[in-house]
Amino acid sequence: MGQAAEARGAKPYAKLSSVVTDLARRKQGGDMEATLEKLWDKLPKRAGKGAIISGASGAEPATSEERGFLKKHADFPVRATGTMFGHTMETQFPLGIALAALSISRGALFPPNDSTGTEIEMQGAPTQIVVVGAGHWRGEGMALVEAID
Amino acid sequence: MTAPRDKLGRPVVVVTGMGITTSLGAGKTDNWSKLVAGESGIRTITRFPVDGLKTTMAGTVDFVSVDPFSSTGLSERMAELVTQEALEQAGIGAKGDFPGPLFLAVAPVEVEWPQRRELGRAVGSPDFTYDDLLRISGGGKYSAFHHRFMFGSVAAHLAETFGTKGSPISLSTACASGATSIQLGVEAIRRGETDAALCVATDGTVNPEALVRFSLLSALSTQNDPPQAASRPFSKNRDGFVMAEGAGALVLESYEAATARGAKILGVIAGCGELTDSFHRTRSSPDGKPIIGCMNKTLADAGMTPDQIDHINAHGTATPENDKMEFNTTSAVFGDLAQKIPVTSNKSMVGHTISAAGAVEAIFSLLTLEHQRIPPTINYETPDPTILFNVVGNKARDARVTAVMSNSFGFGGQNASLILTREPA
């Protein structure tokens, strides 16, 4: 894995193990949350410390549905990039992947920045980070970023 | 049964459904009969006032109505029509349940003048700022505009209507977009991710702003009278392309999946390739290297040599630069064969359907293979003596055609080519 990068002497930050996408119909409450659960199940997560980096825009009802999904996976501390970067539309998802790779390479998730209690402190180094991109109107995507073995 | 694979061991990708709409009409039958008869779909624009414009004609699709009208709305409606036609022919999946992903080539999207004017009226004064727009837009009164004018909105609509799987891909690679949508479908099937893909390309952007922009680039023909004679690919007196609207849809399947369900195979996408340079935002690199590389990559992808190509469906926009560049680069790849292989430009009749062109012309290429008849390049009265293509001028030509190269060479050096054949090699 990563032979081309190693061959030219590049230092990898992390491994992008999987990217999955879907388009929930979003006709009824819960449609989007169900799609996020399906995507979550598709990611080849392993035992070990994990975190979630969310690109939630704050637009409703998408963000409330995503909040419902996040609550079910409360063992993964959450960080929402919109708090610091605003909603960068198409860029939000790759931004999340970059922050996940940086966090893994540095051996620590960045600190929480949220007064609602959704973001909590994380102890120790994350070995896997799930990046969540739920569009403000349409489209759901997830990526699994892992430490290099 | 072992899976039929190509020379590189990948699944063979075939076409089992096609749908098309252009300024010539709706559907394959109508388009093909008019195309081989040498009819033009170019006419004087009636959609908006053309006073003071240098270019007053285009290949508009006026027989498809959309209310409220917008270019994006027209693109969406045409995409829907051609997809229906393609799915009916393919007979794949169930209604509203297509068993694969959607790749959609769609023109860039922006809020258009009727909607801007409506917002202006709501503000109520001739001078206003961004804050005023935010004030009147609060509360979701204009959320329909927001949804309409997002790049992904056409694809989201098609995905919901036809039940394609996963997140639909909206893409824009300028004039190569239609070919790119097909390339993405081919590659998804070759990777084994899916047995079928829906590739759609649509462009309904003949509006004042787009016309003025291309006009300011000096890219458009100004030979307005008669409009049918404006688009003159490979002619000495060519002076630019003619904007046009249209859409094309192709159902792609692995050969194995198509034969397993007994589908009729309409043709094979034997090869595809792309190469882009960053030389200039509109001009192509003067050395032609990206175009030459694009054609060579496509031949290599198909595992074919130039002598196996017996027809070229050219990009042939009729801009002074493109057609010259296209002959020189084709000569670099094909050598003397560039002067022997019959070449035609569908744009002489349907105009340049921009984001849709790659798919529209791929479908015309497949119909050429089916009918063994090459549509003409009309308005070919004064050949450019420096362009020594064997142009199928003015009258359709019967020919033995086994493999067609269809080229799309776009602004910004975005190039994509396809090789289409009748049967798996």
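Residues numbered from 1 in each chain as written. Chains lettered and ligands numbered in written order. Predicted model: local features only at pLDDT ≥ 70, side-chain atom pairs only at ≥ 80, totals over all residues. Heavy atoms only, no water.

Asks: When you look at the overall build of chain A in this model, what are you seeing that I'm missing?
Replies: Of regular secondary structure, chain A possesses five helices and five strands. A compact globule built from 149 residues would reach a C-alpha radius of gyration of about 15 Å, and chain A, at 15 Å, matches this within 12%. Each principal axis of the C-alpha atoms in chain A carries an extent, and together these give about 50 × 30 × 30 Å. Within chain A, the proportion of its 149 residues that are buried is 44%. Contacts in chain A between residues at least 24 apart in sequence constitute 75% of all its contacts with a sequence separation of at least 6. (Helix = DSSP H or I, 4+ residues; strand = E, 2+ residues; numbered from the N terminus. Rg over C-alpha atoms; globule rule 2.2 N^0.38 Å. Buried < 20%, exposed > 50% of the residue type's maximum accessible area, 1.4 Å probe, protein only. Contact = heavy atoms within 4.5 Å.)

Asks: Quick question: what am I supposed to make of the environment of Val61(B) here?
Replies: Mapped onto the elements of the fold, Val61(B) is located in the loop between β4 (57-58) and α2 (71-90). In contact with Val61(B), not counting residues within four places along its chain, are Thr21(B), Thr22(B), Ser23(B), Arg47(B), Leu74(B), Met78(B), Glu245(B) and Gly246(B).

Asks: I would appreciate a short explanation of the sheet that holds strand β1 (residues 15-22) of chain A in the present structure.
Replies: Paired through backbone hydrogen bonds, the strands of a sheet run either parallel or antiparallel to each other. Residues and elements named next belong to chain A. Read from one edge of the open sheet, five strands run β1-β5-β4-β2-β3, paired in mixed fashion. Each having just a single partner strand, β1 and β3 (78-80) make up the two edges of the open sheet. Strand-to-strand twist of the sheet, defined as the mean angle between neighbouring strand axes without regard to direction, takes the value 15°. Here seven bridges tie strand β4 (residues 128-134) to strand β5 (residues 140-146), and the two strands are oriented antiparallel to one another. Among the inter-strand pairings, Ile129 is bridged to a residue of β5, identified as Val145. Across the sheet, helix α5 (residues 92-106) touches β1, β2 (50-54), β4 and β5, and the angle it forms with β4 is around 165°. (Pairing = 2+ DSSP bridges. Axes fitted to C-alpha atoms, helices over the stretch in contact; angles between N-to-C directions.)

Asks: What am I meant to see in the environment of Cys272(B) here?
Replies: All names here are of chain B. Structurally, the position occupied by Cys272 is in strand β9 (residues 267-276). Through-space distance from the C-alpha of Cys272 to that of Ser406 is 9.5 Å; in sequence the pair is 134 residues apart. Leaving out residues up to four positions away in the same chain, Cys272 has contacts with Gln183, Val186, Arg190, Thr298, Asp301, Ser417 and Leu418.

Asks: Sorry if this is basic, but what is going on with the pattern of salt bridges here?
Replies: A side chain of one charge can pair with a side chain of the opposite charge when the charged atoms of the two come close. With the rule as written, the count across this model stands at 27 salt bridges over all chains. Notably, a salt bridge pairs Glu146(A) with Arg46(A), separated by 3.0 Å at the nearest N-O pair. One end of the pair, Glu146(A), is in strand β5; the other, Arg46(A), is in the loop between α2 (31-42) and β2, and 100 residues separate them in sequence. Classification of Glu146(A) as buried rests on a relative accessible area of 5%. A salt bridge links Glu110(B) to Arg116(B); the nearest nitrogen and oxygen atoms lie 3.6 Å apart. The exposure class of Arg116(B) is partly exposed, given its relative accessible area of 24%. Because the salt bridges share partners, they merge into one network encompassing Asp6(B), Arg10(B), Arg190(B) and Asp301(B). (Salt bridge = Lys/Arg side-chain N within 4 Å of Asp/Glu carboxyl O.)

Asks: For this particular structure, what's the right way to read the packing of aromatic side chains?
Replies: Across all of its chains, the model carries six aromatic pairs over all chains by this definition. On the numbers, 5.7 Å between centres and 75° between planes, the contact of Trp40(A) with Phe69(A) is edge-to-face. Taken as a pair, Trp40(A) in helix α2 and Phe69(A) in helix α3 (residues 62-71) lie far apart in primary sequence, 29 residues in all. An angle of 90° between the planes, with centres 5.1 Å apart, marks the rings of Phe327(B) and Phe389(B) as edge-to-face. Taken as a pair, Phe327(B) in helix α11 (residues 320-334) and Phe389(B) in the loop between β12 (373-374) and β13 (390-391) lie far apart in primary sequence, 62 residues in all. (Phe/Tyr/Trp six-rings, centres within 6.5 Å; stacked < 30°, edge-to-face > 60°.)

Asks: Got a minute to help me understand the nonpolar core in this structure?
Replies: Looking at soluble globular proteins, one finds that nonpolar side chains tend to be buried together. Residues and elements named next belong to chain B. By size, the foremost hydrophobic cluster in this structure holds 45 residues, and its most contacted members are Val15, Ile182, Leu250 and Leu252. In this view, Leu252 contacts Val13, Val14, Val15, Ile182, Gly185, Val186, Ile189, Asp195, Ala196, Ala197, Cys199 and Ile269; residues no more than four positions away in its chain are not counted. Membership of the second largest hydrophobic core comes to 26 residues, among which are Met295, Ala338, Ile387 and Val391. (Core = buried A, V, L, I, M, F, W, Y, C linked by side-chain atoms within 4.5 Å.)

Asks: Just checking my understanding: could you explain helix α3 (residues 113-123) of chain B for this structure?
Replies: The α-helix winds at 3.6 residues per turn, so residues separated by three or four positions along the chain end up facing the same way. Residue and element names in this part refer to chain B. Where α3 is concerned, the buried positions are Gln115, Leu119, Gly120 and Val123. Buried residues along α3 cover an arc of 145° about the axis, so they all sit on one side. Packed against the buried residues of α3 are α4 (130-137) and α5 (143-148). Downstream of α3 by one or two residues, Gly124 has phi in the positive range, about 90°. (Arc of directions from axis to C-beta.)

The values are spatial; any link to function lies outside them.
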